[in-house]
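# Examination of the molecular architecture
Chain by chain, the residues run as shown.
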Amino acid sequence: MMFLFDWFYGILASLGLWQKEAKMLFLGLDNAGKTTLLHMLKYEKDYHAKVDALVYLVDAYDKERFAESKKELDALLSDENLAAVPFLILGNKIDIPYAASEDELRYHLGLTGVTTGKGKVNLKLEVFMCSIVGKMGYGDGFKWVSQYIK
Ligand SMILES: Nc1nc2c(ncn2[C@@H]2O[C@H](COP(=O)(O)OP(=O)(O)O)[C@@H](O)[C@H]2O)c(=O)[nH]1
Ligand SMILES: [Mg+2]
């Protein structure tokens, strides 16, 4: 299955990233909500090679594609070029009834117990459930990731 992605470089004017020049890479399967999120955030485009954070979106309602999403995420997590990069995992579309819970999403992505500060792995990774169209949840995620951006 084609793995589509959107690049995002810029200055986030809100969400805990005030005055930080954050070069963030937004990834996720097609239809996960990347473009919707980019339109929601205010940004200026510029082009640098370095990525400060990776935002990986998953459609929490599309359970049939969790395995595919896990495969792509695993490839990113094993990419040496991204080893020091914080991963913000956004489980999107929780406004839809029967969207996966955080536990369910973590289970299917192989992220149960894999989180910063919980001691199991030395990884800058956290999962936040959100609804981008509902404008909720992702703000906390960006606040979390902002601690790693100078
Ligand atoms: N219900 C719901 N739909 C969403 C949400 N975020 C995005 N979508 C929809 O999901 C579809 C794919 O979004 P898009 O941003 O194009 O995904 P992309 O392929 O990752 O860029 C669009 O129809 C969006 O309106 C959300 O939080 N809730
Ligand atoms: Mg798109």
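What counts and how
- Residues numbered from 1 in each chain as written.
- Chains lettered and ligands numbered in written order.
- Predicted model: local features only at pLDDT ≥ 70, side-chain atom pairs only at ≥ 80, totals over all residues.
- Heavy atoms only, no water.
- Helix = DSSP H or I, 4+ residues; strand = E, 2+ residues; numbered from the N terminus.
- Buried < 20%, exposed > 50% of the residue type's maximum accessible area, 1.4 Å probe, protein only.
- Contact = heavy atoms within 4.5 Å.
- Areas by Shrake-Rupley, 256 points an atom, 1.4 Å probe, with all protein chains shown as cover.
- pLDDT = per-residue confidence, 0-100.
- Core = buried A, V, L, I, M, F, W, Y, C linked by side-chain atoms within 4.5 Å.

Right, let's get into the overall build of the protein. When its secondary structure is counted, the protein shows 4 helices and 5 strands. In the protein, the succession of α and β elements from N to C terminus is β-β-α-β-α-β-α-β-α. Counting all 150 residues of the protein, 49% fall into the buried class. Taking as baseline every contact in the protein between residues at least 6 positions apart, the subset at least 24 positions apart corresponds to 72%. Only carbon and sulfur atoms are counted for the fraction: they give 54% of the accessible area of the protein, which is about 8200 Å².

Relative to the assigned elements, leucine 111 resides in the loop between helix H3 (102–109) and strand S5 (125–129). The buried category is assigned to leucine 111, whose relative accessible area is 2%. Separated by 41 residues in sequence, leucine 111 and lysine 70 place their C-alpha atoms 9.4 Å apart. Those residues within four positions of leucine 111 in sequence are excluded, and the remaining contacts are Leu73, Ile89, Arg106, Leu125 and Val127.

Let's shift gears to the confidence of the model for the protein. This prediction gives the protein a mean pLDDT of 79; 73% of its residues lie at or above 70. Segment residues 1–11: pLDDT under 50, and 50 contacts once partners within four positions in sequence are set aside and those in other chains are kept.

Of all hydrophobic cores here, the largest spans 23 residues; its most connected members are Leu54, Tyr56, Phe87, Ile89 and Leu111. Looking at this core, the elements that each hand over two or more residues are strand S2 (21–28), strand S3 (53–59), helix H2 (66–77), strand S4 (87–92), H3 and S5. If we ignore the near neighbours within four places in the chain, the residues touching isoleucine 89 are Tyr56, Val58, Leu73, Leu109, Leu111, Leu125, Glu126, Val127 and Phe128. Membership of the second largest hydrophobic core comes to 18 residues, among which are Leu38, Phe142, Trp144 and Ile149.

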